[in-house]
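Chain by chain, the residues run as shown.
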There are 2 protein chains.
Amino acid sequence: MIRVAIAGYGNLGKGVESALLQNEDMKLTHVFTRRNPESLNILTEGVKKCSLSDIASYKNDIDVLVICGGSATDLPELTPALAKDFNVIDSFDTHANIPVHFDNVNKAALEGNKVALISAGWDPGMFSLMRLYSDAILPEGNHYTFWGKGVSQGHSDAIRRINGVKDARQYTIPVPSAVEAVLNGENPTLTTRQKHTRECFVVAEEGADLAFIEKSIKEMPNYFADYDTTVHFISEEELLRDHAGLPHGGIVVRSGVTGLNKECKSTVSYKLTTDSNPQFTGSVIVAFARAIYRLSEKKEYGCKTVFDIPPVLLSSRTYEEILHSFL
Amino acid sequence: MIRVAIAGYGNLGKGVESALLQNEDMKLTHVFTRRNPESLNILTEGVKKCSLSDIASYKNDIDVLVICGGSATDLPELTPALAKDFNVIDSFDTHANIPVHFDNVNKAALEGNKVALISAGWDPGMFSLMRLYSDAILPEGNHYTFWGKGVSQGHSDAIRRINGVKDARQYTIPVPSAVEAVLNGENPTLTTRQKHTRECFVVAEEGADLAFIEKSIKEMPNYFADYDTTVHFISEEELLRDHAGLPHGGIVVRSGVTGLNKECKSTVSYKLTTDSNPQFTGSVIVAFARAIYRLSEKKEYGCKTVFDIPPVLLSSRTYEEILHSFL
């Protein structure tokens with residue numbers, strides 16, 4: 001039984017918890033929090049609730065530690081700090097900072113003879129794998145990634161910070177004609193605006209200036225200014241009733257040419273649709289946590305990414321069963 | 001430069017050849033044939049044309065040997081025979097016999113301190129990988145594989161063996177409503193007939209009994225009897241004009257549930273469309289041939305499958321570039 005602990009019990013931590021319950025060779029043993037541990041209401045029975053500040057004293061009780069925190073400030077600090085004492089896995093997703101994060105985590109893991117894996121999930125994660133596989137198979141081609149339809153928590157948060165906004169939910173939506181052109185192998189050149197639209201559902205404070213809110217959203221640099229954005233003002237009841245979930249998804253496409261005269265086209269696509277972004281992300285993390293544990297048993301220490309993991313290590317099944325049922 | 005040789009210069013061998021020309025770190029050095037080597041018209045310059053019976057004398061000149069033969073009789077004999085002297089890769093696709101083939105090849109590769117990889121291509125191959133990944137990520141769910149629209153060479157050959165048939169091309173076509181139900185996460189139970197239809201284009205010999213041919217096709221056990229099959233009689237000119245290519249493709253889908261109460265659905269699908277089945281298969285084989293070479297450098301001998309290969313080994317790019325561009 002692989003003993004898994006979670007640091008950080010938010011949406012993602014709960015997604016990891018429910019994924020662990022679907023895998024009989026793994027179990028959740030500890031949850032670490034910065035809050036008062038007794039305040040946590042953990043749904044799995046028999047899990048120890050502990051303070052993150054005491055985590056070092058549990059180093060012999062845990063096979064893999066899943067670090068569930070934000071990529072802006074939590075993970076750049078926590079993952080390297082914990083990788084010396086634990087086999088760790090995180091879902092670090094600030095693309096531009098991945099090389100630095102990798103180096104920091106790698107150094108700590110090698111110092112402590114541990115295995116770490118950063119940036120697990122679906123993007124980065126499964127989508128990254130698909131980009132790599134299809135680039136290797138079709139070296140002459142273009143790749144495209146579309147996200148959505150789904151809730152972007154970062155964009156929802158950005159709206160909430162506007163004066164007069166009580167709550168908000170933002171959906172990222174791929175432009176159907178762009179996806180279709182890509183899947184048809186047309187290799188279009190697409191601007192940011194041509195790839196995705198953004199749809200916002202906003203609950204305003206009583207008496208707020210709706211025109212100001214709408215303008216502030218649509219003109220917000222980086223988040224909205226480069227997109228066609230629609231803003232709907234709705235009631236808090238409507239938000240809770242119709243937009244409580246965290247669905248997401250997306251599609252990665254590679255379109256390439258083969259043949260002596262590059263006369264043949266091939267298009268490969270990988271598509272995800274999920275009702276729950278944190279549960280799906282948690283499910284990916286749990287499969288890679290199994291691989292991390294197995295690599296630590298083989299003493300293959302250091303920081304890894306999804307690219308380094310032989311797929312067979314993700315599965316709880318025997319090799320014979322895998323050959324028989326999946327090849 | 002990785003020196004790659006091909007044994008068998010048919011459609012697949014030519015697909016491997018053209019894929020090698022798209023990969024700058026690899027080159028085709030030898031083609032082995034059972035025919036008179038001088039009769040081969042090899043399109044890449046500077047390739048040695050050799051008799052398969054002399055292959056053992058080239059064992060120091062080749063890094064990876066791609067064995068392009070049929071799964072019925074060629075590969076079960078050739079791959080184990082050659083795996084002692086060469087790092088080999090094949091596209092063995094008789095699903096039921098994979099475990100036996102694996103054992104035979106593994107024994108030979110371990111004896112000779114070589115690396116082998118069997119069953120590379122898209123199915124078995126990339127589709128197998130997708131089945132494994134998504135089973136590991138979504139352990140509670142169903143998976144589905146649809147093939148086509150594309151030319152099945154086995155079914156085309158079966159038609160050609162009927163009395164009065166001069167030539168034939170058979171397309172395997174997924175039933176659109178079945179694919180749609182699966183992609184919608186409906187988890188349907190589908191019979192063979194509900195998953196695929198078969199469309200046949202037949203050139204009859206002059207004066208042949210068309211009704212007999214049509215009946216023989218539609219009632220052929222294993223190949224057609226369990227499917228809704230359409231037969232079109234066309235002229236040889238039409239066959240050559242409209243059905244000369246070998247397009248194929250397919251889709252692998254997994255639909256699973258997550259959450260403490262299994263309340264959320266996720267659907268993951270991987271779809272391929274290619275104008276040329278042998279070129280795409282050759283492209284996959286070439287990427288895995290690179291991995292095989294690298295494993296042999298690390299002395300990780302024995303028989304492998306796509307499941308054993310860390311994805312990073314497939315790529316010609318540096319790890320830094322992969323982290324930066326794909327994660």
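Below, the structure is looked at part by part. Quick caveat, the model's predicted, so the values are computed rather than measured.

### Focus on the sheet that holds strand 10 (residues 196–204) of chain A
Hydrogen bonding along the main chain pairs the strands of a sheet, whether they run parallel or antiparallel.
All names here are of chain A.
Turning to step 1, where the next piece is worked out: Read from one edge to the other, the open sheet built from four strands follows the order 8-9-10-11, with strand pairing classed as mixed. The open sheet is flanked by strand 8 (150–151) and strand 11 (228–233), the only strands paired with a single partner.
Turning to step 2, where the next piece is worked out: Contacts from helix 8 (residues 210–218) reach strand 9 (165–174), strand 10 and strand 11, with the element oriented near 150° to strand 11.

### Some thoughts on the nonpolar core
Turning to step 1, where the next piece is worked out: Counting 159 residues, the largest nonpolar core has Leu65(A), Phe288(A), Phe32(B), Leu65(B) and Phe288(B) as the members making the most contacts within it.
Turning to step 2, where the next piece is worked out: Setting aside residues up to four positions removed in sequence, Leu65(A) forms contacts with Ala5(A), Ile6(A), Ala7(A), Phe32(A), Ile55(A), Leu82(A), Phe86(A), Asn87(A), Val88(A) and Ile89(A).

### A look at the interface of chain B and chain A
Turning to step 1, where the next piece is worked out: Opposite the 67 residues of chain B that make contact, chain A presents 66 residues.
Turning to step 2, where the next piece is worked out: Counting each side, the surface lost to burial between chain B and chain A is near 6100 Å², with a carbon and sulfur contribution of 64%.
Turning to step 3, where the next piece is worked out: When the buried surface of chain B facing chain A is broken down by residue, Gln22(B), Phe326(B) and Leu327(B) rank first, second and third, together holding 14% of it.
Turning to step 4, where the next piece is worked out: At the junction of chain B and chain A, the tally comes to two salt bridges.

### Let's talk about the sheet that holds strand 5 (residues 88–90) of chain A
Residue and element names in this part refer to chain A.
Turning to step 1, where the next piece is worked out: In space, the seven strands of this open sheet follow the order 3-2-1-4-5-6-14, with parallel pairing throughout. Whereas interior strands pair on both sides, the edge strands pair on one side only; in this sheet they are strand 3 (48–51) and strand 14 (302–304). Here the average twist between neighbouring strands, direction ignored, is 25°.
Turning to step 2, where the next piece is worked out: Direction of pairing for strand 5 relative to strand 6 (residues 115–117): parallel, over a ladder of two bridges.

### What to know about the pattern of salt bridges
Between side chains of opposite charge, a pair can form as their charged atoms come close.
Turning to step 1, where the next piece is worked out: Tallied over the entire structure, the rule returns 36 salt bridges over all chains.
Turning to step 2, where the next piece is worked out: Residue Arg3(B) is joined to Asp63(B) by a salt bridge in which the shortest nitrogen-to-oxygen separation is 3.1 Å. Residue Arg3(B) is located in strand 1 (residues 2–7), and its partner Asp63(B) is located in the loop between strand 3 (48–51) and strand 4 (64–67); the two are separated by 60 residues in the primary sequence.
Turning to step 3, where the next piece is worked out: Overall, the relative accessible area of 12% leaves Asp63(B) in the buried class.
Turning to step 4, where the next piece is worked out: Linking Asp167(B) and Arg169(B) is a salt bridge whose minimum nitrogen-to-oxygen distance equals 3.8 Å.
Turning to step 5, where the next piece is worked out: What emerges from the salt-bridge pattern is a single network uniting Asp135(A), Arg254(A), Arg317(B) and Glu321(B).

About the thresholds
- Think of each chain on its own: its residues are numbered from 1, step by step along the sequence as written.
- Starting at A for chains and at 1 for ligands, labels are handed out in the order in which the entities are written.
- Given that this is a predicted model, residues contribute local features only at a pLDDT of at least 70 and side-chain atom pairs are listed and counted only at 80 or more, while totals for whole chains, interfaces and linings are drawn from all residues.
- Water and hydrogen atoms were dropped before computing side-chain values, which therefore reflect all heavy atoms in the structure.
- A strand pair is defined by DSSP finding two or more bridges across the two strands.
- Under the DSSP-based scheme used, a helix requires at least four consecutive residues in state H or I and a strand at least two consecutive residues in state E, with every element numbered from the N terminus.
- Residues are treated as being in contact if the distance between any of their heavy atoms lies within 4.5 Å.
- Throughout, an axis means a line fitted to C-alpha atoms (over the contacting stretch in the case of helices), and angles, computed between N-to-C directions, take values from 0 to 180 degrees.
- Among the buried residues, those of types Ala, Val, Leu, Ile, Met, Phe, Trp, Tyr and Cys that are joined through side-chain atoms within 4.5 Å form a nonpolar core.
- The buried label applies to any residue whose accessible area, calculated with a 1.4 Å probe on protein chains only, is under 20% of its type's maximum; exposed applies above 50%, and partly exposed to all values in between.
- Buried area: the accessible surface (1.4 Å probe) lost by two parts on joining, summed over both.
- Whenever a carboxyl oxygen of Asp or Glu lies within 4 Å of a side-chain nitrogen of Lys or Arg, that contact is scored as a salt bridge.

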